[in-house]
Amino acid sequence: MIIKIGCCGFQKKREIYYENFKLVELQETFYKIPSIDRMMQLRKEAPKDFEFTFKCFQGITHEVSSPTWKRSGIKNLEELKNKVGSLRLTKEVMEYWKEQIKISKALNSKICLIQLPSSFKDNEEGIKNAENFFYGIERNKLEIAIELRGWNRENILKLCKKFNLIHCVDPLKEEATYFGINKIAYFRLHGLGKTMYKYKYTDNDLKNLLNIIKKLELNEVYILFNNIYMYEDALRFQRIVSSNL
């Protein structure tokens, strides 16, 4: 089993980050579609053994009513109402997805995270949208990790098995239902308790995380920290992994 550790976004200057980690989940790709030239430049500047994953553009997942659209740089959002988000199989969403494939090629990424908002429910419409979307897209061998909030576990398992999706969870809070045919885990850690993102993981938390991972029969495990102290916590977890494996 290979354990890969990093942060959701660069939390230090990139040259410093590259010295300490070999993995990052790009966040900028969620807010707006970046230029392919920029993605190619990131790939070029990073060490050869450094790995990029990236967060899918919000136009595929989020309604234009989401406050995150303010950072999209797209004007006249009203014109996109009911045409984007919620995995709709529309012309606009399909064009956005084609850009995700271009991003994956430029970064040489093998995993894209699709994070759905809590408003995306596993009702008849939501399940139909999801199935139509995954039937309709070309993946170009891209692995897809999917984060579904509030869905019934049975519905998550059915969707993931049907389309070979990696169920993304916070492993200290929830068990994943499916790891895909290639047995890959994609875990994102957002913090514990009421403080959530402000939470700083204890050494016991991180040792518990490692024990959870050890029990899984997997080929690769991606661990992405997404709390305020993500950089420091990820470094400590790297040290714990190194001293216990």
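In this text the structure is predicted, and so the values were computed from the model without any measurement. (Residues numbered from 1 in each chain as written. Predicted model: local features only at pLDDT ≥ 70, side-chain atom pairs only at ≥ 80, totals over all residues. Heavy atoms only, no water.)

Novice: Where do I start with the packing of helix α3 (residues 36-45) against helix α5 (residues 91-107) in this structure?
Specialist: Describing two packed helices takes the angle between their axes plus the distance from one axis to the other. Here α3 crosses α5 at 25°, and the two axes come no closer than 8 Å. In terms of orientation, α3 and α5 fall into the roughly parallel class. In this structure, the crossing between α3 and α5 has a hand that is right-handed. Here Ile36, Met39, Met40, Leu42 and Arg43 of α3 lie close against α5, whose contacting residues are Lys102, Ile103, Ala106 and Leu107. Across the contact of α3 with α5, the residue classes tally to seven nonpolar, no polar and two charged. (Axes fitted to C-alpha atoms, helices over the stretch in contact; angles between N-to-C directions. Helix = DSSP H or I, 4+ residues; strand = E, 2+ residues; numbered from the N terminus. Parallel < 35°, antiparallel > 145°, perpendicular 65-115°, else oblique. Left-handed = near helix turned anticlockwise from the far one by under 90°. Contact = heavy atoms within 4.5 Å. Nonpolar A, V, L, I, M, F, W, Y, C, P; charged D, E, K, R; others polar.)

Novice: What exactly am I supposed to notice about the packing of aromatic side chains here?
Specialist: Where two aromatic rings form a pair, the distance of their centres and the angle of their planes describe that pair. Under the definition given, this model contains 21 aromatic pairs. With 5.8 Å between their ring centres and 85° between their planes, Phe10 and Tyr18 make a pair best called edge-to-face. Judged by centre distance (5.1 Å) and plane angle (70°), the ring pair of Phe50 and Phe52 falls under edge-to-face. The same class applies to Phe50 and to Phe52, which are both buried. Three or more aromatic residues link up through ring pairs in this structure, and these residues are Phe10, Tyr17, Tyr18, Phe21, Phe50, Phe52 and Tyr231. Cation over ring: Lys12 sits above Tyr231, and NZ or CZ is 5.2 Å from the ring centre. (Phe/Tyr/Trp six-rings, centres within 6.5 Å; stacked < 30°, edge-to-face > 60°. Buried < 20%, exposed > 50% of the residue type's maximum accessible area, 1.4 Å probe, protein only. Lys NZ or Arg CZ within 6 Å of the ring centre and 35° of its normal.)

Novice: How should the state of the cysteines be read in this particular structure?
Specialist: A covalent bond between the sulfur atoms of two cysteines is what we call a disulfide. According to the stated counting rule, one finds zero disulfides in the structure shown. Among the cysteines around Cys160, which has no disulfide bond, Cys168 carries the closest sulfur, lying 10 Å off. You can call Cys160 buried: its relative accessible area is 0%. Free of any disulfide, Cys168 has its nearest cysteine sulfur in Cys8, 8.3 Å distant. We classify Cys168 as buried; its relative accessible area is 3%. (Disulfide = S-S within 2.5 Å.)

Novice: Would you take a moment to explain α5 for this structure?
Specialist: Each full turn of the α-helix corresponds to 3.6 residues, which orients residues three or four apart in the same direction. With 17 residues, α5 ought to run about 24 Å at 1.5 Å a step, and its terminal C-alpha atoms sit 25 Å apart, in line with that. Buried residues of α5: Val93, Met94, Tyr96, Trp97, Gln100, Ile101, Ile103, Ser104, Ala106 and Leu107, and no others. In the stretch just after α5, Asn108 is the one whose phi turns positive, near 55°. (Expected span 1.5 Å × (residues − 1).)

Novice: Even after reading the chapter, I still don't get unusual backbone geometry, so can you show me in this structure?
Specialist: A negative phi angle is the norm for most residues apart from glycine, just as the trans form is the norm for most peptide bonds. For Asn82, which is not a glycine, the phi torsion comes out positive at approximately 65°. Here Asn82 lies in the loop between α4 (58-61) and α5. Among the residues examined, Asn82 registers a relative accessible area of 53% and is labelled exposed. Non-glycine residue Lys183 carries a positive phi angle of around 55°. Here Lys183 lies in the loop between β6 (166-167) and β7 (184-189).

Novice: Can you help me understand the pairing of strand β4 (residues 111-115) in this one?
Specialist: Each regular strand shows side chains that alternate between the opposite faces of the sheet. Where burial is concerned, most of β4 is hidden: five out of the five residues are buried. Where burial is concerned, the two faces of β4 agree: the one with Ile111, Leu113 and Gln115 and the one with Cys112 and Ile114 are both buried. Both strand β3 (residues 51-55) and β4 contribute to a ladder of two bridges, which runs parallel. In the sheet register, Lys55 faces β4, and the bridge partner there is Leu113. Read as a crossover between parallel neighbours, the route from β4 over helix α6 (residues 124-136) to strand β5 (residues 143-147) is right-handed. (Pairing = 2+ DSSP bridges. Right-handed = clockwise from strand over helix to strand, strands pointing away.)

Novice: I'm lost on the sheet that holds β7 in this one. Help?
Specialist: Either a parallel or an antiparallel arrangement is found when strands of a sheet pair, and the pairing is made through backbone hydrogen bonds. Here we have eight strands laid out as an open sheet, ordered β6-β5-β4-β3-β2-β1-β8-β7, and parallel in their pairing. If you trace the sheet from one side to the other, it starts and ends with β6 and β7, each paired once. In this fold helix α9 (residues 230-244) packs onto β1 (2-8) and β8 (220-225), with an angle of close to 170° to the strand it touches most, β1.

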